[in-house]
Amino acid sequence: MTTSTHSDTAHGAHQALLFYMYVMLSEPEKVAAHVRLLAEKHRLLGRVIIAHEGINATLEGALKDTEEFLADFMVDDLFAAVQVKRSKSRGDSFPKLSVKVRDEIVGTGFTREEADPLRRTATYISPEVLRSWYAEERDFVVVDMRNNYEFASGHFANAVEPGISASRHLPLAMEKLEPLKQKTVVTVCTGGIRCEKMSAYLLNKGFSDVYQLEGGIHSYMEKYPGKDFQGTLYTFDQRQTMHFGGKREVIGQCHLCTEKTESYADCGNDTCHLHFLACEKCRDPQGNVYCSHACTQFAIDASKFIDA
Ligand SMILES: [Zn+2]
Ligand SMILES: [Zn+2]
């Protein structure tokens, strides 16, 4: 694996782990304390969210430490079958370890009636089968359940983009997705965790033939680097994006000048903070960039205010 923000050299062998599991946890606080202890013991950094419905984790550490953590973690029968995605990293993807208990392991805001993966979710489709569907040019539609800024730097060919900026906004995209109700739909997201709920939500809304990509885009790219998925895969850590090599094209475009880029920025207007693709040329010498004229003006006015 390579990242667009760093070279892969030096820093020894590090690894990022990505895993989730929907499983009924009666005492999420206890599980959180246990996981925190294990992560600290093996010197891992990253983010873990635990809820009554399961666990969602992205952790990073020295290669050996990450494997030893997993061995300890999977001793528990509850987690013995967890599917883990591994990728090479530099060891600096996360500034700290955060283990939190929340209401959900992905923030959709759906009620249990609207989407409960422990009760019902879409049929899984493996990367191998999806690849064969592409090869056969079968009649199906990929619906990308990630946020719009993630979609911007990479996505499957001809994927439908709901155009949401957060998972909890999926209900706002239903009008756009409505025409796909009778189609064969394959939902995709980074590692699969969001699709468990998003595809369940589609089934609940009367979609008739819904599949979810097993292991998410991560697993697909790992098996078929440079194939069908165009561009690079957004990550929620300091790597920004990642890919697995293969012949690939940069498809991300600077939000300001449309120059090809895979580099993300946050709008320098603190009341905006839009997360978007911005090329080097569109940043000021300090690296600041604003998403719009309005935000640039806002920053100029604010600095005048401070100077005065
Ligand atoms: Zn630009
Ligand atoms: Zn802005």
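These notes cover the structure that comes with them. In this text, all values refer to a predicted model and were calculated from it rather than measured experimentally. (Residues numbered from 1 in each chain as written. Chains lettered and ligands numbered in written order. Predicted model: local features only at pLDDT ≥ 70, side-chain atom pairs only at ≥ 80, totals over all residues. Heavy atoms only, no water.)

**Quick word on the sheet that holds strand S8 (residues 141–144)**
Our working rule: Strand pairing is defined by DSSP finding a minimum of two bridges between the two strands. In DSSP terms, a helix is any run of H or I states spanning at least four residues, a strand is any run of E spanning at least two, and both are numbered starting from the N terminus. Note on geometry: axes are C-alpha line fits, over the in-contact stretch for helices, and angles between N-to-C directions span 0 to 180 degrees.
The strand order across the open sheet formed by four strands is S7-S11-S10-S8, and the pairing between neighbours is parallel. Unpaired on one side and paired on the other, strand S7 (123–125) and S8 mark the two borders of the sheet. When strand polarity is set aside, the average angle formed by the axes of neighbouring strands in this sheet is 35°. As paired elements, strand S10 (residues 184–188) and strand S11 (residues 209–213) share four bridges and run parallel to each other.

**Re the packing of aromatic side chains**
Just so we agree on the cut-off: Within 6.5 Å between ring centres, the rings of Phe, Tyr and Trp (the latter by its six-membered ring) count as paired, and their orientation is classed by plane angle as stacked under 30 degrees, edge-to-face over 60, tilted in between. Residue exposure (1.4 Å probe, protein chains only): buried if accessible area is under 20% of the type maximum, exposed if over 50%, otherwise partly exposed.
Scanning the entire structure with this criterion turns up 15 aromatic pairs. Centroid distance Tyr134 to Phe156: 5.9 Å. Interplanar angle 15°. Geometry classified as stacked. Here Tyr134, found in helix H3 (residues 127–136), pairs with Phe156, found in strand S9 (residues 154–156); they are 22 residues apart in sequence, far enough to count as distant. Exposure class is identical for Tyr134 and Phe156. Each is buried. Ring centres of Tyr220 and Tyr224 lie 5.2 Å apart, and the angle between their planes is 50°; this geometry places the pair in the tilted category. Note on Tyr220: relative accessible area 0%, which makes it buried. Overall, the relative accessible area of 21% leaves Tyr224 in the partly exposed class. Here the aromatic cluster, defined as three or more aromatic residues joined through ring pairs, consists of Trp133, Tyr134, Phe140, Phe156, Tyr211, Tyr220, Tyr224 and Phe229.

**Here we look at the coordination of the zinc ion (ligand 1)**
Formally: Each metal's donors are the N, O and S atoms found within 2.8 Å of it, except that Na, K and Ca use a 3.2 Å limit; water is left out, so coordination can look incomplete. Geometry is assigned from donor-metal-donor angles: four donors are tetrahedral when every angle falls between 85 and 135 degrees, four are square planar and six octahedral when opposite donors sit over 155 degrees apart with all other angles between 65 and 115, and any other arrangement is irregular.
Surrounding the zinc ion (ligand 1) are the protein donor atoms Cys254 (SG), Cys257 (SG), Cys279 (SG) and Cys282 (SG), at 2.3 to 2.4 Å. Around the zinc ion (ligand 1), the four donor atoms sit at angles spanning 104 to 114°, and that spread fits a shape best called tetrahedral. Sequence spacing of the donors to the zinc ion (ligand 1): C-x2-C-x21-C-x2-C. Taken together, the residues Cys254 in the loop between strand S14 (241–243) and strand S15 (264–266) and Cys282 in the loop between strand S16 (275–277) and helix H8 (293–307) connect sequence positions 28 residues apart. For Cys282, a relative accessible area of 25% puts it in the partly exposed group.

**Points about the pattern of salt bridges**
Formally: Between Lys or Arg on one side and Asp or Glu on the other, a salt bridge is scored when a side-chain nitrogen of the former is within 4 Å of a carboxyl oxygen of the latter.
Across all of its chains, the model carries 19 salt bridges by this definition. Note that Asp116 and Arg112 form a salt bridge whose closest N and O atoms lie 3.2 Å from each other. Among the residues examined, Arg112 registers a relative accessible area of 53% and is labelled exposed. Two residues, Lys181 and Glu178, come together in a salt bridge whose shortest N-O distance is 3.4 Å. The exposure class assigned to Glu178 is partly exposed, which follows from its relative accessible area of 40%.

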